[in-house]
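Next come the chains, spelled out residue by residue.
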Amino acid sequence: MAMEPPYLRIAGDIRRRIASGELAPGARVPSTRRITQEWGVAMATATKALATLNQEGLVRAVPGVGTVVAESGRERPRTPHHGLTRDRIISAAIALADIEGIAALSMRRVATDFGVSTMALYRHVPSKGELVRLMSESVFNGEPLGPRLPGWRAQLEREAWWLWGLYQRHPWLARAMSALTRPMASPHAMRYTERVLSALKGLGLTPTQIIHVHLALLGYAQGVAAAVELESQAWQETGMTPEEWMASNEPRMETIQAAGSFPTLSTLFGREEFDLELDTLFEFGLARMLDGVESLIEQSRG
C-alpha cells in the first residue's frame, strides 16, 4: 500500500482539528513556516498542504492576518426565496468578491449562496455586468470623514487616500471599474470625481488639464491597487504570507545575485534593508504626482 504524501497527511491533521472545533471559524491555522517546524517538511510541502485546504473551502487567506478557518466553508447563510431583494443580492456579491475575488463571482454562485435558482436573481438584477456596476456603486457610497481641508493639495491627498482605502477593502474594485476608457454611469463614483475636479478649479488649469490630472491620479491608484488583488489571490492559492513567500525564495534570489548579473540591483539592496509595503509605495508615488501637478499649476500662472 502506497504511503500518503506528506502534504496530505498535514492537510488531514489540520482538517481534523477544524472538524473537532479545536480550530474554530476565523481562527488562524498553522502558517507555512510553522508547518515546516512542526512537521519537519520543506516550505513547498507546507504550501501544498494549505493550498489543498484552501481548494476544499476549509480555509481562506486574510491579508494582514494570515490563513484562517473559513466560516462554514465560506458559505453565507442561505436566504429564503421570499427574502430576496436587490440590496441583499448586492451585499452578498460584495462579500463573495471581497473574499474570493471577482473571478469567483457569477449569478449562479450568488444564487447558490441564497439557496434559490439563478432565474430568481435575474428578477432583481438583469446580468452579471449590471451586478458588478451596482456593487461598485454601492462601495463608492460615501466620502472622506472630517471637514474639507483648505488647499488643493490637501484636498487631493484626502480624496486619493479615501480611494486607496476602498481598493484595499475591496481588492476587486480596481479591475471592475474601467474608469479611464469606459466610465460607468455611477452617481456615487461621480461624486468622487466632482470633489477632485472642484479641488482643481480656479487654479489656472485648462479644462483638459483638470480632467487629465483627475484621470492620472485615478489611474495611478488603480494601478497600485491591482497589486492588492494579485496579492490576495496569491495568498489564497499558496497559503503563504508575503514574508513567507520571500523567505522561501531567498536561496534562489541569493543565487541569482551571487552571479553578478545585476550589480546595481544587488548594490542597492545590500546597503539597507528594504520592505516593500504598498501603503508606503502609494504614499511615495502620490507625493511625486502631486509635485508634478504643483509644477503644472505654477506654469499655468507664469
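What counts and what doesn't
Residues numbered from 1 in each chain as written. Predicted model: local features only at pLDDT ≥ 70, side-chain atom pairs only at ≥ 80, totals over all residues. Heavy atoms only, no water. Helix = DSSP H or I, 4+ residues; strand = E, 2+ residues; numbered from the N terminus. Buried < 20%, exposed > 50% of the residue type's maximum accessible area, 1.4 Å probe, protein only. Lys, Arg positive; Asp, Glu negative; His and termini not counted. Salt bridge = Lys/Arg side-chain N within 4 Å of Asp/Glu carboxyl O. Contact = heavy atoms within 4.5 Å. Axes fitted to C-alpha atoms, helices over the stretch in contact; angles between N-to-C directions. Parallel < 35°, antiparallel > 145°, perpendicular 65-115°, else oblique. Left-handed = near helix turned anticlockwise from the far one by under 90°. Nonpolar A, V, L, I, M, F, W, Y, C, P; charged D, E, K, R; others polar. Phe/Tyr/Trp six-rings, centres within 6.5 Å; stacked < 30°, edge-to-face > 60°.

In this section: the side chain of Glu 137. As for its placement among the helices and strands, Glu 137 is situated in helix H7 (residues 128–139). Arg 133 provides the closest opposite charge to the buried, salt-bridge-free Glu 137, at an N-O distance of 5.2 Å. When residues no more than four places from it in sequence are discounted, the contact partners of Glu 137 are Ser 186, Pro 187, His 188 and Ala 189.

Another aspect to go through is the pattern of salt bridges. What the rule picks out here adds up to 10 salt bridges. Across the salt bridge formed by Asp 13 and Arg 16, the nearest N and O atoms sit 3.9 Å from each other. Note that Asp 13 and Arg 16 are positioned in helix H1 (residues 6–19) at a spacing of 3 residues, about one turn of the helix. Under the relative-accessibility criterion, Asp 13 is labelled partly exposed at 25%.

Contact geometry of helix H8 (residues 152–169) with helix H10 (residues 187–200) gives a least axis separation of 9 Å together with a crossing angle of 160°. One way to sum up the angle between H8 and H10 is to call them roughly antiparallel. Helix-helix and strand crossings are classified by hand; for H8 and H10 the assignment is left-handed. Counted together, Trp 152, Gln 155, Leu 156, Glu 159, Trp 162 and Leu 163 of H8 and Tyr 192, Arg 195, Val 196, Ala 199 and Leu 200 of H10 form the full contact between these two elements. In terms of residue class, the contact of H8 with H10 is made up of 8 nonpolar, 1 polar and 2 charged.

Tallied over the entire structure, the rule returns 6 aromatic pairs. With centroids separated by 5.0 Å and ring planes inclined at 75°, the aromatic side chains of Trp 161 and Phe 282 adopt a geometry described as edge-to-face. One end of the pair, Trp 161, is in helix H8; the other, Phe 282, is in helix H14 (residues 278–301), with 121 residues separating them in the sequence. We classify Trp 161 as partly exposed; its relative accessible area is 34%. Phe 282 gets classed as buried once you look at its relative accessible area, which sits at 1%.

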